[in-house]
Amino acid sequence: MNSVPDQERTKSALPSVGLHRPSELIYRACYAPVDLAGLLETAENRSRIRRLSIPQIYFGLKELGEHQIQALLPHITETQWQGVLDLDLWNRDRANAGKFLFWAGQIIQAENPVAAKIVRGTDRHLLELWLKRRIRIEEIVEDDPGAAPKGAFMETPDRAFLVHLPRNPDESLLARGLLLKLYELGPEETQLWIQESRYRTSIELEESAYQNRKRRIEDMGFQDYFDALDVYTYLPRGTPLPEKMRDKLRAVGTLPAPVARMKSGPLLLFQALAAFARPHELEPLLEELFFVCNKILSADRTPPNRTSRVKRAIRKALSGINLGLEVWAEGDLNRARDGLRRHYLQSFFHTGYSRLVELRDRAREIRAQVPLEPGSALDDALGELSRNYPLLLVEIREKRRRRFLKNTPDLDRANRYLEAAAEA
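All values derive from a computational prediction rather than experimental measurement.

Regarding its fold elements, the chain presents 20 helices and seven strands. Put simply, 73% of the contacts in the chain that link residues at least 6 apart link residues at least 24 apart. Summed over all atoms, the accessible surface of the chain reaches about 21200 Å², with 49% contributed by carbon and sulfur.

This is the structure in C-alpha cells:
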C-alpha cells in the first residue's frame, strides 16, 4: 500500500515558539548575540562596538533601520566595514555590483570624516568593479565634441570624464551622488580608480576582489566553498572518531561575553550541552558549532545575507550533529556528554550524514526497482529520502511536510518507509 506508515502531529499553537527553537537559540548565541541598537544608546556602550567581531556587527546590523546604520558608522572600524561588505555583497564567487549601491547610499549620507573612513575600508577592486559594470565612462578630449550623449550622464568635477549613468532613476541618482562624494573626499584617488576600471576587465577585477575576500572571510571563521565540502564526509560504520587536540582548535572570536548556561531540550545534543555549566567549557563547543554551521553555509553556497537560509543551515547542522551523537552514544546521555568532551562536533555531523547517505542509496535503489504510484505519500517519502541530503516526509495537520532527520526515531521511521516501499 502506498501510504506513510505513521504521522507526526503538532501540539496546539505554542507561544514564543520562535525564540525557543534550537536554531534560533544558536543563531542568537553564535551569530547575533549583540543588540547593536542597545549599544548605540549610551556613550559607554558605543565604545564597545569597535571591539566586536565582524559576524556580530554584520548580523546585528541586519536588524537596524537606515537611521540606526548611520548612527553606527562613526563607531565601526575600517576592517569591520570591509567585513560587512565581504559577507553581504557576494553570492558564491560573484559580487553583486547593484547591491553595492545600497551601501554607497550610506557613504553619501555620512559626514566626510566617517565617509572617508568607510571608503578606505572598501576593497578598491570592488569599487572599480562597480564602476566597470554599472556605468560607462569616456575620457573627455579637448576640441573633440564627439556625438551628443544619450540618456542620463554627468561630467566628473575635474572635467576629465563623461559618465553615462544607469537607466534606472534611483540607481542613477545614487551613482551620481557616490561619484561626487568620492571626488569630494579624494579627487586624485578617485581619478585613479576610474582609470583602473577602464583599462582592466570585469573578470580580472572580480577575481582580484574574490581572492581578497576569500582570505578575509577565512579569518572570520567562514571557509571557501572547496575547502568546506569535506563537511559532507562519509564514515563507514565502526570508523573511530578523531580525538580532540585542544591546541589545534581555532578560536574565531565570536563570543565576546560569557555565555549563559545552555538549557536542556528534546535533542540529545542540548541535553548533553546542558551539563557544561562553566563558560570556559561551553564556549569552545559553541565555537565548534559555529565552525560546522559556517562550513555548511559555504558548502551549500548559502549567502550570509539571507537570514532565513542561515537559520536553515543551523537547523541542518544541529539535526546532523544530534543524529550522529545519538547513533554514536546509542542514546546514552552520559556517553554523549563524554563524546562532546573527547570528539569534534564535525565528527558527529559526519556520523549522522553517513547514516543518511546509506538511507539515500537504498531509497534510490528501491525507487529504481519498485514502481510506486506517482504522487502517493510513499512515493513522495522516498523522493525526499533520495535527495543528495535526505529529508524526512511527515504529516502535520493532514499536510505533507519535509524536514531534516534529527534522531534515531527518525532513522527508524525512514527505514519503515523503505520497508513499506520494498513490499509494495
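This part is about the environment of E395. Note that E395 resides in strand β6 (residues 392-396). E395 sits 18 residues away from A377 along the chain, and the two C-alpha atoms are 9.5 Å apart.

Here the structure, examined in full by the defined rule, presents 18 aromatic pairs. Aromatic rings pair up to connect Y27, Y31, Y58, F59, F222 and F290 into one cluster. The positively charged end of R301 is found above the aromatic ring belonging to Y225, 3.6 Å away from the centroid. A cation sits over an aromatic face here: K311 above Y27, 4.8 Å from the ring centre.

Okay, the packing of helix α16 (residues 307-329) against helix α17 (residues 333-342) next. Packing of α16 against α17 brings their axes to within 9 Å, and their N-to-C directions diverge by 115°. Here α16 runs over α17; the crossing is right-handed. Between α16, through L325, W328 and A329, and α17, the contact on the second element is made entirely by R335, A336, G339, L340 and R342.

Right, let's get into the nonpolar core. By size, the foremost hydrophobic cluster in this structure holds 126 residues, and its most contacted members are Y31, L36, W130, F222, L269 and L340. For W130, the residues in contact, after removing those within four places along its chain, are A97, F100, L101, I135, A175, L178 and L179.

With that settled, the discussion passes to the pattern of salt bridges. One pass over the structure, following the stated rule, counts 29 salt bridges. Two residues, R159 and E155, come together in a salt bridge whose shortest N-O distance is 2.9 Å. Its relative accessible area of 35% is what places E155 among the partly exposed residues. Each of the salt bridges in this network shares a partner with another, and the network as a whole consists of E24, R28, E63 and K311.

This part takes up the sheet that holds strand β4 (residues 153-155). One key point about sheets: their strands pair by backbone hydrogen bonds, in either a parallel or an antiparallel sense. The strand order across the open sheet built from three strands is β3-β5-β4, with neighbouring strands paired in antiparallel fashion. At either margin of the open sheet sits one strand with a lone partner, and together these are β3 (136-139) and β4. Pairwise comparison of adjacent strand axes, ignoring direction, gives a mean angle of 20° for this sheet. Both β4 and strand β5 (residues 161-164) contribute to a ladder of three bridges, which runs antiparallel. Each bridged residue has a counterpart across the sheet, and for M154 the counterpart in β5 is V163. Helix α10 (residues 169-185) rests against β4 and β5 of the sheet, and its axis sits at about 10° to β4.

Taking 1.5 Å per residue, 17 residues should reach 24 Å; α10 reaches 24 Å between its end C-alpha atoms and fits that length. All buried positions along α10 are accounted for by E171, S172, A175, G177, L178, L179, K181, L182 and Y183. Looking at the packing, one finds that the buried side of α10 touches α7 (100-109), α8 (112-120), α9 (124-134), β4, β5 and α11 (187-199). The backbone nitrogen of D170 has a side-chain oxygen 3.0 Å away, supplied by the residue at the start of α10, namely N168.

In this section: the environment of A160. Tracing the chain through its elements places A160 in the loop between β4 and β5. For the pair A160 and E142, spaced 18 residues apart in sequence, the C-alpha separation works out to 9.5 Å.

Of all 10 residues in α7, seven are buried, a share of seventy percent or more. Those residues of α7 that fall on the buried side of the exposure criterion are F100, L101, W103, A104, G105, Q106 and I107. The elements touched by buried residues of α7 are α4 (54-61), α5 (66-72), α6 (78-88), α8, α9 and α10.

What follows covers the confidence of the model for the chain. On average, the chain scores 85 in pLDDT, and the residues at 70 or more come to 89%. Note on residues 1-19: pLDDT under 50 across the span, and 36 contacts to partners over four residues away in sequence or across chains. With pLDDT under 50 throughout, residues 248-261 is counted as low confidence; its partners more than four residues away or in other chains account for 34 contacts.

Moving on, we come to the packing of helix α1 (residues 22-31) against α16. The interhelical angle for the contact between α1 and α16, taken along N-to-C directions, is 110°, at an axis separation of 9 Å. With respect to their mutual orientation, α1 and α16 come out roughly perpendicular. Each of P22, S23, E24, I26, Y27 and Y31 in α1 lies in contact with α16, whose residues at this interface are T307, V310, K311, I314, R315 and L318. Considered class by class, the residues forming the contact of α1 with α16 number seven nonpolar, two polar and three charged.

Moving on, we get to the pairing of strand β7 (residues 399-403). Where β6 meets β7, five bridges bridge the pair, whose relative direction is antiparallel. Looking across to β7, one finds that V394 is bridged to R401. Joining the antiparallel neighbours β6 and β7 is a turn of two residues, in which R397 adopts a positive phi near 55°.

A contiguous patch of positive charge on the surface is contributed by R21, R92, R306, R309, R312 and R315. Inspection of the secondary structure assignment puts R306 in the loop between α15 (279-299) and α16.

How each quantity is defined
Residues numbered from 1 in each chain as written. Predicted model: local features only at pLDDT ≥ 70, side-chain atom pairs only at ≥ 80, totals over all residues. Heavy atoms only, no water. Helix = DSSP H or I, 4+ residues; strand = E, 2+ residues; numbered from the N terminus. Contact = heavy atoms within 4.5 Å. Areas by Shrake-Rupley, 256 points an atom, 1.4 Å probe, with all protein chains shown as cover. Phe/Tyr/Trp six-rings, centres within 6.5 Å; stacked < 30°, edge-to-face > 60°. Lys NZ or Arg CZ within 6 Å of the ring centre and 35° of its normal. Axes fitted to C-alpha atoms, helices over the stretch in contact; angles between N-to-C directions. Left-handed = near helix turned anticlockwise from the far one by under 90°. Core = buried A, V, L, I, M, F, W, Y, C linked by side-chain atoms within 4.5 Å. Buried < 20%, exposed > 50% of the residue type's maximum accessible area, 1.4 Å probe, protein only. Salt bridge = Lys/Arg side-chain N within 4 Å of Asp/Glu carboxyl O. Pairing = 2+ DSSP bridges. Expected span 1.5 Å × (residues − 1). Polar contact = N/O pair within 3.5 Å; in protein donor to acceptor, adjacent residues only side chain to side chain. pLDDT = per-residue confidence, 0-100. Parallel < 35°, antiparallel > 145°, perpendicular 65-115°, else oblique. Nonpolar A, V, L, I, M, F, W, Y, C, P; charged D, E, K, R; others polar. Patch = residues over 30% accessible without salt bridge, like charges linked within 9 Å, V, L, I, M, F, W, Y side chains within 5 Å. Lys, Arg positive; Asp, Glu negative; His and termini not counted. Charge placed at Lys NZ, Arg CZ, Asp CG, Glu CD.

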